[in-house]
Each structure stands twice: as structure tokens, then as C-alpha cells.
Amino acid sequence: MVDTNILGCCWIELPSGRWFPRTSTSQFSKTSRCQLEVDVSWQDFISHAPEGDWATVARFRIHSFDIECAGRKGIFPEANVDPVIQIANVIQLHGDGDVLTRNVFTLKSCAPIGHADVFCYDNEVDLLCAWADFVRELDPDIFTGYNINNFDFPYLLERATYLKVSNFEYLGRLLNVRSVIKETVTQTKIGKRTYKTINFEGRVPYDMLLVTKRDFKLRSYTLNSVCQEILGEQKEDVHYSIITDLQNGDEQTRRRLAVYCLKDAELPVRLLRRVLSFTNDVEMARVTGVPITSLLTKGEQVKVVAQLLRHGKQAGYFMPSHQGTGGADQFEGATVIEPVRGYYTDPIATLDFSSLYPSIMIAHNLCYSTLLKSTTAKTKLGLSDDQVTRTPANCTFVRSSVRSGLLPQILQHLLAARKKTKALLKEAKDPVLQAVLNGRQLAYKISANSVYGFTGAQNGKLPCLEISGSVTAYGRAMIEQTKREVEAHYTVANGYESDAKVIYGDTDSVMVNFKVKTLERSMELGREAAESISTKFIDPIRLEFEKVYYPYLLINKKRYAGLYFTRPDKYDKMDCKGIETVRRDNCPLVADVIGTCLRKLLIDRDPGGATNYAKQVISDLLQNNVDISQLVITKELTKNDYAGKQAHVELMKKIKKRDPGNAPKVGDRIPYVITASTKNAKAFEKAEDPIYVLENSIPIDAKYYLENQLSKPLVRIFQPILGDNAESILLRGEHTRTKTVVTSKVGALAGFAKKKEICLGCKSVLPKDRETEAVCAYCRPKESTIYQQELGHHRMLENRFSELFTECQRCQGSLHEEILCTSRDCPIFYIRKKVQMELESSKMKIARFGKPVLQDDEMLSN
DNA sequence: GCGAGATCCTAC
DNA sequence: TAAGGTAGGATCTCGC
């Protein structure tokens, strides 16, 4: 055996020519082989299905369910105390439009439901037993629901164990194998976290909460909010404290609960049908060779490891088991070209390296198995200069003529497979097949891109900073070279109309101002430049012309907006990068205003209209005419211990005391609004739960929203267009005068402040002895007219309220029941609440006019 | 008032 | 044995 460990980081060459890990045999059998075995076990029966066999995917049986438990006030349900009272089930075949079955298992009687079977049980043990039997008989391929991994499944299993329900836990397809909760406690730098995993041999738990969190960037991830965003429909949101009351009522209130529960089981199925994520995940599982569940519960690493194992085995390699060094040295990343900030009314062409990092790794044969670790390795192995490559990061790799690396092979396979899939996609007619192929080509792309990250993951399975550092170093050199080539070639001296200028670039792209007037010419030059510069790089590195921005607003590094053209005749979209419109850490008001202003500026090219609009919004804001749902800021709670004080963290602590059952946990996004308070109060002291604010009429700090939320983003987008007086135009003017704020029901002063009654006609303060009257002496002659006005206003509010009420009833699917919904994601909820308050106050105003006088016809009719 | 540091979220 | 990476803007708190 020849030890050549200088070649490669930890590989040993055996006489047979095969490559084995340097780790001992015992370690190998404990880790690598285990992984290989798991890799081809039953778990990914789907991922090993033949690649062309997409039709089988469409017939998987999906079982979606949702449980309700009777919790206690202020306490999150605990499985050894609070009973499971209902389980709703919805069954569907994947790819089918129609639901096969709907049913609900209830504790105690429940009135019949038109569209679902109802099974009632007198005791909980029978209910759970029957449900488990139902699952086994149904024999689903896929379990789904919303938050089933972290709530419904663990709760059911814990509850069944507590109640000693016999045989409940046999929920998988293997006889005699129980589904058990495995808890792993991990200590990260973020804090202590426990993960729960449950085995269901032969079935795939596919939690839609995990899917939406992974695939969509949303302000809120409640089922309600997600459905609103993705399906465009709301569901009612019943506060957990009401559920117990409904259960303790009669068969009608339990039916009410069952309908609610059924909806929660049905929505995940609809989500699944809409987002096609399962199809994509099946493809991803096939491409990478990872069980589908891992795609939701684990990170990017497992995919790369699985591919390394699969391809490595084929090529005769074994993967070494790496001991995490916990190293913390960072390596240098990509270059971001210093932007030439401004508003461009010339077309700006964008050139991109496609799949930059994968193509670098292929082009330079960067791999664990081609790295020369020591400086003497080259001479020791007798390699000549043209057999090795020295990277800009000062690392040496052997060329593919000596040995072709494993990573480049994997990447080539992925890129070639993607190309093939895209060609098939072009010819595909069937929409299901199109979706499958699109998912597959996407999986190939994502897979290829995560290989680089894997080599740079220091706490990962097999980090190799020589590779990742070299990749980024090549990238930096390439973007610089591209910039130089463009600016050197496209000059007046070379016969072009102007000297081209690279105004910005990030990692793998350059934005070029060719200083030409038309889209056509810019595209033509862009294509030409991409073509000619590509020839200066090694295969398969390619620079491509992708799009033209016209006009283009370049605010800062990683912050810009522009109209995106791929053809000269019509823009594809307005593209915003890094600007408030795409960020979730501000309130919707800011995102909407900035979005609208940008559209007015870039699409309509109407700066006047944009400023007027912005001024109007500022005026509305200061006059409290902006709906509270527009002012809700959400931020993610990312850890348990924070160094400094922050609004969302302090609010979380407040809610924990007030309503512990509803307290947010790490990983949740916390919604809050900023309320008016003492003058120099910090923002974290003024943050409050939007619903609490609404229910207690706490005034909003409009000034905060103007000064700390709206003003800077507005100035940033207007300044490049209007110049330095943008700020004075927008923020100082008649429209910024403030109106008095509504008084609060809570707070230190609320008990002392005595509201002075004013005349409903001229708004003058009424003298003390006439406070109960509606108008002052001066307005007395006009009293009838003023009354009519108030009445008209009151009626308008009544109509508005009844419209909103009907809308909520429609949402909850019933027109003759009380509305229980308190969804903090629903704008209608906020408006309904607000109109209700206004209606109350209007009623009181009208009462001040006294009893209607009978002679008045108008009043008689009321 | 200013700068450092923490934090969030995004671009690539 | 849980975990792709770095660059970077914006905002807020806190200490000076």
C-alpha cells in the first residue's frame, strides 16, 4: 500500500487503484457504510423509481388531517392533560382535482355535515383507536397537514401513550414497527433546540408548513395567511380559547368546530395541489438520492452528501468520515462592483455568467481528489507544470489529464441532465409532464449550485476551503476581467458610438451602460459582448446576455429597480432588488407606497404623479386614515437570548405574560405596531400586538411611521430623480400637518383624561352645563341639517359594517352564525373591528340629539 | 450626536 | 452527526 496522502486531503491509494478513506476500518463501517445502506433502503422507494416513470407519481394517495384539542385558557395544550376532541381527514390522489373522502372523528355527538362523514365517539380512547384503524385501512402514501410534524403527530402519539390506547402507534407500513417520537436536543450558537422526528415506514410525512417556509418568503406563516397569499382565499381563524367552549356546548357547536377542523385539513391539500412542490420534491429526491422527508426536515448538505456517495460509489470512491474541527476562519467571497449610483434613462444591458461556480469547478477540475495539499507534492509526484493548476487563491490542483475530479464529474452530470430535461420540457405538451420536467430541471440547477456551499461549510461533513476559496477567487478575477474587457473594447476609438461603462455588478453579473439610446441597440451590443467575451474563458464557462433594464434606478450595492426587457417591444416586469418592496422587515404601507411610486416613476415616467401620491399617503397617515393592517411590522424571533433590546423581542415577553398559550416561539414571525407613547420612548417600548391595540383603542404613533419607516426609503428612491430637494418636497409641506390622536382606553393617563364634548356642527367646545346637547347655541338653527349629516354618516357606517360582516360570514362558510374569527393576517378583520368602533361612537353622537321628533317624516321611517 | 455592534433580511 | 457560503444595506440600541 502506497501512502500518498499528500495528494488529496485525506485519501489513500490502494494497490488496486481504488481510493479509500484514511480513517480506520471501524470508523468506516460505523459511518460511511451505514449511510450507504440507509441511502438505498425503503425510505426512498420514490427516489429510486425510474426517472421517466412520472405517471406513477400522480397516483399517490394523500391523507391530510388536522386535530383539535380542548386546551385550557392561557396554556398551550399538553398531551397528558388536554383531550383530543376532533380529527378531520381529507383524502385525495396526487394530481387529481377531486377529493375522494372527507370525514371527521369527534368526541361526543356532532350534528351531520353535508359534505363529510361524521363519526362520533363517547370516549377518547375509542376515537383514537378508530382513527388509527382508519389510517391503516386507508393505507396512504403521503401524510400531510399543517404543522403535523411538530404538533398533530407528536400530540396524537403522546396522547395515545398517556391513555394507553393499544396498537395506536402502528401507523407505518411495516408490521410490528411502531411509530415513535425521537427527540434530539441540539445546542447551537443560536440556542437550545429540540427536534422531533417520527418514523412512518413506507409513508412520507409531508408537512405543508415546512414546504411553505422553505419555498415562500412571507410576512406570516399561519395557515390563514399562507392560503391568502397562495390560494387567494381566507379561512376563519378561531382563537384557541373558544375551541373548548364550542366542544362543551351542544351537537351544533361541535358541528361548527368540525366544519372549522375540516377546512384546516382541506386547505393543505389545496396548497399542495397549487404549488406542485411534491412533484418537484419527487424529482429532487430522484436527482440527489435523498428521502423525500429529508428535503423538508434537513438542510442542503444531505443532498450533496447523498450525491457524493452515489457517484463516489460508482467511481470506486469511499467517503471519509470527517471530524468537525469547528474551525471558524472565513474565506473571501465574491466581488460586488462599486455602483455608479443614479437614475439611468439609457438602456442598461446585463451580462451574466450562467452557473458561475459549478462551471468554475468543472473548468479547473477542482475537487477533493485533485487537490495537492502540500507545496512539495508536485515534485514528489513528479508532475510537470502543465499537469497542475495554480488557483488565484494559491492552491494547486492536478488537471483532468492527470485525474478527473469527482465533483466536476457530478456537476457535469447535473448540468448535462438539466440541459436534456430543458430540451424535453420544450417539447412537452401535457401540463403535468411539463410541471414534472420543470421541477426536474430546477432540481438539477439547485443541486449544482449547492456543491460549492457544501465545500465551504466549516461545520459540515466534508469542508474544503481550498476548493471554495479557489472558486470565489476565480469568480472575483473573472468579474474584474469582464469589466475590463467590456470597457476596453466598446469605445469610440474602436468605432462604437460611445465609451461603454460598467456601472454595477455582483458576483456573476455586470450591468453595462453602452450609452446608446435604443433597446434594440443595447441588446445587440449585449449579445455581441457576451459572445466575444465568452471565448476568453475556459469551457464550460460562458457569459450570457440576459436582459436590459430601461430605465434603471441604481440606489446602492444590492439595491436597485428597473424595467426588465428581454425583447425590445415590451417589458417583462418591473424588477426590484433589495428594496423595501421585497423586504419583510417593514410594514406593508412602506412596501406598497414604494412599489406604487416606483411604478409611477419607472413605468409611467411620471415623477409628479409619484410625488403627489406619496404626499397623499403621508397626509393620510398623519390623519390616522391608514388602516392598521397596513402598519403591522413582522420580524422573526431567531434566538432565545438577545444582547440588546428589540421591539419584537420585548413584545414577545409581554405576550408571554398576558396570554402564555399564544406566546411566540423561536422561528415564529412576530407581528407588531408602534404605538404613541411618551416623547422619547424607544421603539421597543412602543411595540404592541395589533389586535390588542385595536381592542383597546391604543393610538398609533403616526409620526414614527413617517420618520422611521416611510421617509428614508422614499427619499432614497426620489432623490436620484428629483435631486437634492426631494426631501423638502416630500417631507415638508402642508400635507404634513398633524391631527390629534384618538385617546386610549388603557395607559396611565386614560383614567384621568376627561374628554370635552364638542358641538357636532362647528366643533367648538360646549359649555359645562350643556355638555349633553348635540350642538352649541350658535348652531342651533342648523340642528336639523347637522342631524341629517350625522345620520347619513351613521347609515354609511352601518352599510359598511354589514358588508364586511357578510364577507366574514362568507369566509367562515355560514350566514347565520356568530363570527368567531380573529385572524391577525386578515385586513378585513381589522377594518371590521375599526368600523365597529366607529359605529359605536356614531351611535353615541346621534343619541345626543335626543329622541326623534315625530313630525319629521325622515325620522319616522327609521 | 456619533460610532460600534447587534440584528434582520436580502443578492448572488 | 444539526447545520450550504460571503457581501452588504438598513435600522436600532447603547455607550461615549
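In what follows, the structure referred to is the one given above.
Each value, and the rule that gives it
- Residues numbered from 1 in each chain as written.
- Chains lettered and ligands numbered in written order.
- Predicted model: local features only at pLDDT ≥ 70, side-chain atom pairs only at ≥ 80, totals over all residues.
- Heavy atoms only, no water.
- Near = heavy atom within 4 Å.
- Polar contact = N/O pair within 3.5 Å; in protein donor to acceptor, adjacent residues only side chain to side chain.
- Nonpolar A, V, L, I, M, F, W, Y, C, P; charged D, E, K, R; others polar.
- Helix = DSSP H or I, 4+ residues; strand = E, 2+ residues; numbered from the N terminus.
- Expected span 1.5 Å × (residues − 1).
- Buried < 20%, exposed > 50% of the residue type's maximum accessible area, 1.4 Å probe, protein only.
- 1 Å grid on protein atoms, 1.4 Å probe; cavity = no way out; pocket = protein on both sides within 12 Å on 5 of 7 lines; lining within 4 Å.
- Points joined across faces, edges and corners; volume = space filled by probe spheres on them.
- Pairing = 2+ DSSP bridges.
- Axes fitted to C-alpha atoms, helices over the stretch in contact; angles between N-to-C directions.
- Contact = heavy atoms within 4.5 Å.
- Core = buried A, V, L, I, M, F, W, Y, C linked by side-chain atoms within 4.5 Å.
- Parallel < 35°, antiparallel > 145°, perpendicular 65-115°, else oblique.
- Left-handed = near helix turned anticlockwise from the far one by under 90°.

**Student:** How should the protein's contact with DNA strand C be read in this particular structure?
**Tutor:** The full set close to DNA strand C counts 32 residues, and K298, G299, E300, G333 and Y704 are the nearest of them. For DNA strand C, the backbone makes up 73% of the atoms found within 4 Å of the protein, where backbone means sugar plus phosphate. Between E300 and DNA strand C, the recorded distance is 2.8 Å, taken from a backbone N or O atom to a phosphate oxygen. Within the contact set of DNA strand C, a base nitrogen lies 3.3 Å away from a backbone nitrogen or oxygen of N459.

**Student:** How should I be thinking about the protein's contact with DNA strand B in this particular structure?
**Tutor:** What surrounds DNA strand B is a group of 21 residues, the closest being D508, Y560, T638, K639 and Y642. Sugar plus phosphate: this is where 91% of the atoms of DNA strand B within 4 Å of the protein reside. Between K577 and DNA strand B, the recorded distance is 3.2 Å, taken from a side-chain N or O atom to a phosphate oxygen. Classifying every residue of the surface near DNA strand B by side-chain character gives 4 nonpolar, 5 polar and 12 charged.

**Student:** How should I be thinking about helix 3 (residues 124-138) in this particular structure?
**Tutor:** An α-helix turns once per 3.6 residues; consequently, residues spaced three or four apart project the same way. The first and last C-alpha atoms of helix 3 sit 21 Å apart over 15 residues, in line with the 21 Å expected at 1.5 Å per residue. Looking at helix 3, one finds that the buried residues are E124, L127, L128, A130, W131, A132, F134, V135 and L138. Put simply, N123 is the residue that caps the front of helix 3, since its side-chain oxygen is 3.0 Å from the backbone nitrogen of V125. Count one or two residues on from helix 3 and you reach D139, which has phi positive near 55°.

**Student:** Any chance you could explain empty space enclosed by the protein here in plain terms?
**Tutor:** Summary: where empty space remains is shown by rolling a probe the size of a single water molecule over the atoms. Inspection of every chain in the model, using the stated rule, returns 1 cavity of 30 Å³ or more. Reported here for the largest cavity is a volume of approximately 40 Å³. If you go around the largest cavity, the residues you meet are I555, R559, G578, I579, E580, P713, R716 and I717. Here the element with the most residues in the lining of the largest cavity is helix 23 (residues 702-722); it accounts for 3 residues. Along the lines of polarity and charge, the residues of the lining of the largest cavity split into 4 nonpolar, 1 polar and 3 charged.

**Student:** What should I look at first to understand unusual backbone geometry in this one?
**Tutor:** Peptide bonds are mostly trans, and most non-glycine residues show a negative phi. With omega at 0°, the peptide bond leading from D539 into P540 counts as cis. Its location among the elements puts P540 in the loop between helix 17 (519-534) and strand 19 (543-556). The omega torsion of the bond from Y550 to P551 falls at 0°, within 30 degrees of zero and hence cis. Following the sequence through the fold, P551 ends up in strand 19. Of note, the phi angle at S355 is positive, near 45°, even though the residue is not glycine. Note that S355 resides in the loop between strand 13 (348-353) and helix 12 (356-363). Although it is not a glycine, K515 adopts a positive phi angle of roughly 55°. When its relative accessible area of 38% is taken as the criterion, K515 is described as partly exposed.

**Student:** Whenever I open this one, the sheet that holds strand 6 (residues 117-121) confuses me. Can you help?
**Tutor:** The strand order across the open sheet built from 6 strands is 6-5-4-3-7-10, with neighbouring strands paired in mixed fashion. Two strands in the sheet have a free side with no partner beyond their single neighbour: strand 6 and strand 10 (204-207). Each strand axis lies, on average, 20° off the axis of its neighbour in the sheet, ignoring direction. Summarising the sheet, strand 3 (residues 61-69) and strand 7 (residues 142-145) pair through 3 bridges and their orientation is parallel. Among the inter-strand pairings, I62 is bridged to a residue of strand 7, identified as I142. Against the sheet, helix 5 (residues 208-215) makes contact with strand 7 and strand 10, and its axis sits at roughly 55° relative to strand 10, the strand it touches most.

**Student:** Help me understand the nonpolar core in this model?
**Tutor:** Judged by nonpolar contacts, the single largest core of 158 residues is most densely connected at F514, Y705, L710, L714 and F718. A total of 9 residues in this core trace back to one element, the largest contributor, which is helix 23. Beyond its immediate chain neighbours, meaning those up to four positions away, F718 contacts C597, L601, P607, A610, T611, A614, G723, A726 and L730.

**Student:** Help me understand the side chain of T634, please; the structure alone is not making it clear to me.
**Tutor:** Here T634 is to be found in strand 22 (residues 633-636). Residue classification places T634 among the buried positions, given a relative accessible area of 7%. Reaching out from T634, the side chain makes a polar contact with the backbone oxygen of R219 at a distance of 3.2 Å. T634 has contacts with R219, R584, D585, R669, I670 and P671, leaving out every residue within four places of it along the chain.

**Student:** Sorry if this is basic, but what is going on with the environment of K445 here?
**Tutor:** Examined against the element boundaries, K445 turns out to sit in helix 15 (residues 431-456). As for K445 and G249, which are separated by 196 residues in sequence, their C-alpha atoms are 55 Å apart.

**Student:** What is the right way to read the packing of helix 12 against helix 16 (residues 465-489) from this model?
**Tutor:** Pairs of packed helices are described in terms of their axes, by the angle between the two and the distance that separates them. At a minimum axis separation of 10 Å, helix 12 and helix 16 run at an interaxial angle of 105°. Taken together, the axes of helix 12 and helix 16 are roughly perpendicular relative to one another. Seen from helix 12, the contacting residues are L356, Y357, I360 and M361; seen from helix 16, they are I467, V471, T472, Y474, G475 and M478. Considered class by class, the residues forming the contact of helix 12 with helix 16 number 8 nonpolar, 2 polar and no charged.

**Student:** How do you make sense of the packing of helix 3 against helix 4 (residues 148-163) when you look at a structure like this?
**Tutor:** The geometry of helix 3 relative to helix 4 is characterised by a closest axis approach of 11 Å and an angle of 125° between their N-to-C directions. One finds that helix 3 runs oblique with respect to helix 4. Once helix 3 is placed against helix 4, the crossing between them reads as left-handed. From helix 3, E124, V125, L128 and W131 reach across to helix 4, where they touch F153, L156, R159, A160 and L163. Tallied by class, residues from the contact of helix 3 with helix 4 come to 7 nonpolar, no polar and 2 charged.

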